[in-house]
Amino acid sequence: MKSKIAVVAIAAVMGAVVFFSLRRTNPSADAPSGTVQATPIGVTIATAQLSSLPVTFSAAGRAEAKASVLVKARVEGQIAEVAFQEGRPVHKGQLLFRLDSAVLDAQARQAEGVLARDHAQLAKLRSDEQRNQALADQGFISPSGLAQTRSDLEGAQATLSADRAALDTARLQVSYSRITAPMDGVAGAAQIPVGGAAKAGDTTLVVINQVQPIYISFAVPEPQLAVLREAMHRGPVPVKAMASVGSPGVAGTLAFIDNAVDASNGSIVAKALFDNRDTALTPGQYAQVTVQVGLLSSSLVVPSTAVESGTDGPYVFIVQADSTVAIRAVTIGIESAGMTAISHGLAAGDVVVTSGHSRLRDKARVRTMTSADKTAP
């Protein structure tokens, strides 16, 4: 029994020693809850200011070529040469394919021979007509004989015109053996290699997409349709597209709104046009689209990261002159481009906390973090 009492006494003494030691090393351990903490909490800050805030909405879109052409052969023949680089830009009139034109060249030469023969025949008939005219004037040839000579001459002239047309056609067929790009764009893969056979008007040899400029199509929610049309009536509607996270994005304008709402999803298709000079967009590529339908001028704005949500609504932490913070309830408006409009609760020049909220409470002391603080581990 005495040993148990001794053990309890020793434990009590040791607990008392630990308690008083902790009080000496941490004098604020039993400080009142309302006392401001000794070490300031590092935060980042921003100043509420009057600024113009764009009114926008976002949508997911896909890039698509402004024009897409399936290049086909106009004459049948065997591919003798592929004269372009796949996946590279091509220009209007640039040679893409060359067909074996041996047969077409022979047909053109044959048409040239027929034309030369009939041209000689016409020259003979003209000479006969002049001679017979002189004989008819002297009464050596009847009028009917002279008429027949003139009829043969007119027939030869018509034949010569037909020969010229046949030669033009043959030469045109020969020119079709050189297949050129119908527009500027980017060529896809060659569908038929050298040695393959191309059928006239049937076989697709290559697809060319026009990507400068380029479209991005996206779905507009039906409630936004009236706002979007009103914005178009006021002038060009700016559109920004971001193809990848962190990219600067490209700027364009709204070019087209479809003529019917899709009843299955309650949206309507729109297209924005981008010059795409640096070819940042590729047909079929996903892009996040931001459409600016208006502009709020002289709005009080703060970074959206400054606004927190509580049980009583949105609020911000105000940094006061003594480097302490106070909770301020606010009424927010639209949010755009990382900024939020504040309609009530703040004034221009108020300093708000933009990061570090999780460690803050009312009247907490803070310090502004430097760039070195932000990069420190």
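See the structure above.
Residues numbered from 1 in each chain as written. Predicted model: local features only at pLDDT ≥ 70, side-chain atom pairs only at ≥ 80, totals over all residues. Heavy atoms only, no water.

1. Some remarks on the environment of Val-69
For clarity, the threshold we go by: Secondary structure follows DSSP: runs of H or I at least 4 residues long count as helices, runs of E at least 2 residues long count as strands, and numbering of each begins at the N terminus. The rule is simple: take the accessible area with a 1.4 Å probe, protein chains only, and divide by the maximum for that residue type; under 20% is buried, over 50% is exposed, in between is partly exposed. Here, two residues are considered to be in contact whenever any of their heavy atoms come within 4.5 Å of each other.
If you trace the backbone, Val-69 turns up in strand β2 (residues 49-72). A residue is classified by how much of its surface remains accessible, and Val-69, at 25% relative accessible area, is partly exposed. In the structure, Val-69 is positioned 138 residues away from Val-207 in sequence and 5.7 Å away in space, judged by C-alpha atoms. Ignoring sequence-local partners within four residues, the contact set of Val-69 consists of Pro-182, Met-183, Val-206, Val-207 and Ile-208.

2. Description of the layout of surface pockets
Quick note on the threshold: Buriedness for pockets is judged along seven lines, at least five of which must meet protein on both sides within 12 Å for an open set on the 1 Å grid over protein atoms alone, while cavities are sets there where a 1.4 Å probe fits but cannot get out, and lining residues have an atom within 4 Å of a point. Grid points are joined across faces, edges and corners, and a volume is the space filled by probe spheres set on the points. Classification used: nonpolar for Ala, Val, Leu, Ile, Met, Phe, Trp, Tyr, Cys and Pro, charged for Asp, Glu, Lys and Arg, polar for all others including Gly.
The volume enclosed by the largest pocket comes to roughly 370 Å³. Looking at the largest pocket, it is lined by 18 residues, and the ones nearest its centre are Pro-89, Gly-185, Val-186, Val-211 and Thr-279. Of all elements in the fold, only β4 (89-90), β7 (185-187) and β9 (204-221) reach the threshold of two or more residues within the lining of the largest pocket. Per element, the largest residue contribution to the lining of the largest pocket is 5 residues, and it comes from β9. Each residue belonging to the lining of the largest pocket can be placed in one class, and the counts come to 8 nonpolar, 9 polar and 1 charged.

3. With respect to the packing of aromatic side chains
Given two aromatic rings, one states the distance between the centres and the angle between the planes to describe the pair. The condition is simple: Put simply, two rings from Phe, Tyr or Trp (the six-membered ring, in Trp's case) pair if the centres are within 6.5 Å, and we call them stacked under 30 degrees between planes, edge-to-face over 60, tilted for the rest. The criterion is that NZ of a Lys, or CZ of an Arg, lies within 6 Å of the ring centre and within 35 degrees of the ring normal, and then a charge sits over that ring.
Evaluated as defined, the whole model comprises 2 aromatic pairs. Ring centres of Tyr-315 and Phe-317 lie 5.8 Å apart, and the angle between their planes is 85°; this geometry places the pair in the edge-to-face category. Note on Phe-317: relative accessible area 3%, which makes it buried. Between Lys-271 and the ring centre of Tyr-215, over which it is positioned, the NZ or CZ distance is 5.2 Å. Above the face of the Phe-256 ring, Lys-271 is positioned so that its terminal group lies 5.7 Å from the ring centre.

4. A word on helix α4 (residues 222-234)
Heads up, the rule is: In this context, the arc is that of the directions from the helix axis out to the C-beta atoms.
For α4, the complete set of buried residues consists of Leu-225, Leu-228 and Ala-231. Down the axis of α4, the buried side of the element spans an arc of 135°, and every buried residue falls inside it. When the buried face of α4 is taken as reference, the exposed residues oriented beyond 90 degrees from it are Pro-223, Ala-226, His-233 and Arg-234. Looking at the packing, one finds that the buried side of α4 touches β2, β9, β11 (250-257), β12 (267-274) and β13 (286-303).

5. Considerations on the nonpolar core
Put simply, the rule is: Side-chain atoms within 4.5 Å link the members of a nonpolar core, which is a set of buried Ala, Val, Leu, Ile, Met, Phe, Trp, Tyr and Cys residues.
Counting residues in hydrophobic clusters, the biggest one holds 25 residues, and the most contacted among them are Ile-216, Phe-218, Leu-228, Leu-254, Phe-274 and Val-291. Secondary structure elements with two or more residues in this core: β2, β9, α4, β10 (238-242), β11, β12 and β13. Element by element, the count of residues in this core is highest for β9, at 5 residues. Counting 19 residues, the second-largest nonpolar core is a separate cluster that includes Ala-73, Phe-84, Ile-192 and Val-206.

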